[in-house]
Amino acid sequence: MTDIIQLLPDSVANQIAAGEVIQRPASVVKELVENSVDAQANSITINIKDAGKTLIQIIDNGNGMSETDARLSFERHSTSKIRKAEDLFAIRTMGFRGEALASIAAIASVELKTKTYNTDIGTCINIEASEIKNQAPVSTPTGTSFSVKNLFFNVPARRKFLKKNVTEFNHIINEFQRITLTHPEIEFRLFHNNSEVFHLIKSNKRQRIINIFGKKTNQNLITIQTETSIINIDGFIGKPEYAKKRFGEQFFFINNRFMRNPYLHKAIMNAYTDILPHDTIPSYFINLEADPNTIDINIHPTKTEIKFEDQQAVWQILHAAVKQSLGKNNIVPSIDFNQEKNFSISSLTKDTEIRQPSIEINPRYNPFEEVKKSFNTNKDNINNWEKLYDSFENENPEKEDRQLSTLLSTNININSKNSENNSISNNFFQFKNKYILTPIKSGLMLINQKRAHERILFEKYMLTLENETSITQKSLFPNTINLTPIEYSIIINILDEINSLGFEIIDNGNNSITVNGMPADTNNKEPKLIIDQLLFEYQNSEIDIKTKEKEKIAEALAKASAIGYNQTLCNKEMMEIIDMLFACSSPNYSPSGKKIISIISTNDIEKSFL
Ligand code: ADP
Ligand code: MG
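Here the structure is a predicted model, which is why all the values come from computation and not from measurement.

Caption draft 1: The arrangement of the environment of Ala313 in detail. Tracing the sequence through the fold places Ala313 in helix α10 (residues 311-328). When the C-alpha positions of Ala313 and Ile230 are compared, they lie 8.0 Å apart, and in sequence the two are 83 residues distant.

So, in structure tokens, the structure goes:
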């Protein structure tokens, strides 16, 4: 047999490598800006067109490259940052693999202009799909400028895979924040389609955070600083009262390199135990300095996870450092946010006047009459609950759902008739402002009110989105809301959908929107709160990309609008929720798949009295 193994041409090898390093326009921005930082630039400008799909240009005033280096920089494994294997363990630069430029040049058209301080004339190189198209002397300032055009032009599958411009630009902003936060000594400008998105002047670390995340951040920041033999910690953590319902201001860096570290995130969350409002995450901007020998960063090129030699010790040190900073600022656990509103005991002071509680009695009240009345009018109803319980024994959830809904669609009529004369009111009881309880013949049924309401709204929103019928809108005073660039781009991305759900939102540009109207069933929440929660739910949605965008929006809005766990419900409201829940196609589970209904069987209740 003849030999069949061949070496791949460099251009193909580079294209394969590019798949790992360059996933989207944001990866190009990251690699090129990191190179500028490594080249000791103190001013870096980024020009983006169409979220990087048309142009990514990075201009720096760093060291520049000689003619030979400029040519060599596009070769794979060409780097000026390490020379021998040992260097790998002492890395202080952002890049070191020498793969980025080779990868970018393999999948785009690149123009490089560069000049070092000690020459008058620079070098210009044009390269496309790893092929040098042109190399010539050029007059250019000291430093380097890269223009990357037509990204993925020769990898159609990749190009097709790119998301909407807003999403891709979001990724660019994320990378931009990660780099700019650790380099406040460098001036950065970011332009998108010729308009300036960020101009970050040279400053200290605190000022840099404020310049990126807004003036409000200033009062929020507490310094954190600790030095130990294993690790030094330095940066800022946020005050609990500024904690937000969504991720976006949580940053860990290791030796000034961004890292993701869910394990250490827990150390922080743990240190905030009992002082955070429910469901919120504090901001943090923390740099860990460690001997590069004790960490492993030489992993997958795009991976941001980093391993420490002694993870547990780092956890403990960070946890203690956060606690200490909070303590120094007198932020200690004092409020129990889980406390139930209705059971709160107001503190008594010396001057509080103590009055005897008044009791109102209805002398004509006859409890037996009430019970009889409700029992009679609800005979059908009770029979239906019973059938409902039977269906719970069924293992097949789909069948279960179908049974429930057919069964309860009959129930709705009964209930709505009854609601007029209020006669079944005794059948519902609210427990802990969280569950609706109702007896059924075979036991006691508990319904989680928030999840039930989420399911109801979700199905309603899905219907609206699919039929493109808009629902009643509530007019209110125009409410202008300023958002961060990321929040803004998310809202603009889903603007059509949320407007068709009953919002009336106008894009003011410059990270600002005006809310002129909201869907009728947003539960009287403030527009700012709804938008905040909507963003939180949308960003944290577990719905994966394969699922329709519409579902994700409907779910996020349903969660944001639904009644909460601290809402007292009257009988009529409880009944409405139950009616509407069982009119849903899947009443058993919330849109995110959580159980809505639970039944305690009479048997179990009786057993507990044995
Ligand atoms: P790495 O950053 O891992 O070394 P790259 O492919 O990103 O690999 O870059 C290759 C080399 O090109 C760098 O090591 C550096 O010497 C040079 N280089 C790249 N960008 C710049 C720049 N903006 N200014 C000066 N030199 C640069
Ligand atoms: Mg690099």
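Additional details are given in the paragraphs that follow.
Caption draft 2: Representation of helix α6 (residues 165-182). Taking 1.5 Å of rise per residue, the 18 residues of α6 would be expected to cover 26 Å, and the 26 Å separating its terminal C-alpha atoms lies within 8% of that figure. Of all 18 residues in α6, 14 are buried, a share of seventy percent or more.

Caption draft 3: Region of interest: the pairing of strand β9 (residues 221-227). Bridge analysis of β9 against strand β10 (residues 232-238) gives seven bridges, and the strand direction is antiparallel. Across the sheet, residue Glu227 finds its bridge partner in β10, namely Asn232. Here β9 folds back onto β10 in antiparallel fashion, the turn holding four residues.

Caption draft 4: The arrangement of the nonpolar core in detail. Counting 88 residues, the largest nonpolar core has Val33, Ile44, Phe74, Val148, Ile491, Ile513 and Ile531 as its most contacted members. Residue-level mapping places this core at the junction of two domains, with at least three residues from each of domain 1 (10-202) and domain 2 (212-328). Beyond its immediate sequence surroundings of up to four residues, Ile491 is in contact with Leu483, Ile498, Ile513, Ile531, Leu534 and Leu535. One finds Ile224, Ile231, Ala243 and Ile268 within the second-largest nonpolar core, a separate group that totals 31 residues.

Caption draft 5: Region of interest: the sheet that holds strand β7 (residues 187-192). Reading across from one edge, β5-β4-β3-β6-β2-β1-β7-β8 is the order of the eight strands in this open sheet, with mixed pairing throughout. Each having just a single partner strand, β5 (131-138) and β8 (195-200) make up the two edges of the open sheet. Each strand axis lies, on average, 10° off the axis of its neighbour in the sheet, ignoring direction. Direction of pairing for strand β4 (residues 122-128) relative to β5: antiparallel, over a ladder of seven bridges. Bridge pairing in β5 links Ile125 to Gln135. In this fold helix α2 (residues 25-38) packs onto β1 (43-49), β2 (55-60), β6 (143-149) and β7, with an angle of close to 10° to the strand it touches most, β2. Across the sheet, α6 is in contact with β1, β7 and β8; its angle to β7 comes to roughly 175°.

Rules used in this analysis
- Note that residues are indexed from 1 along each chain, following the sequence as it is written.
- All chains are assigned letters beginning with A, and all ligands numbers beginning with 1, in the order in which they are written.
- Thresholds applied to this predicted model are a pLDDT of at least 70 for local features of residues and 80 or more for the giving and counting of side-chain atom pairs; totals over whole chains, interfaces and linings are not thresholded and use all residues.
- Side-chain metrics in this entry use all non-hydrogen atoms of the structure; hydrogen atoms and water are not considered.
- Numbering of helices and strands starts at the N terminus; helices are DSSP runs of H or I of at least 4 residues and strands are runs of E of at least 2.
- By this rule the span expected of a helix is its residue count minus one, scaled by 1.5 Å.
- The cut-offs for exposure are 20% and 50% of the maximum accessible area for each residue type, with area from a 1.4 Å probe on protein chains only; residues under the lower value are buried, those over the upper are exposed, and the others partly exposed.
- Note on pairing: DSSP must find at least two bridges between two strands before they are called paired.
- By convention a nonpolar core is built from buried Ala, Val, Leu, Ile, Met, Phe, Trp, Tyr and Cys residues, the set being connected through side-chain atoms within 4.5 Å.
- Throughout the structure description, domain borders are defined by an automatic or database domain assignment.
- Working rule for contacts: check all heavy atoms of both residues, and any pair within 4.5 Å makes them a contact.
- Between N-to-C directions, angles span 0 to 180 degrees; the directions come from axes that are lines fitted to C-alpha atoms, helices contributing only their stretch in contact.

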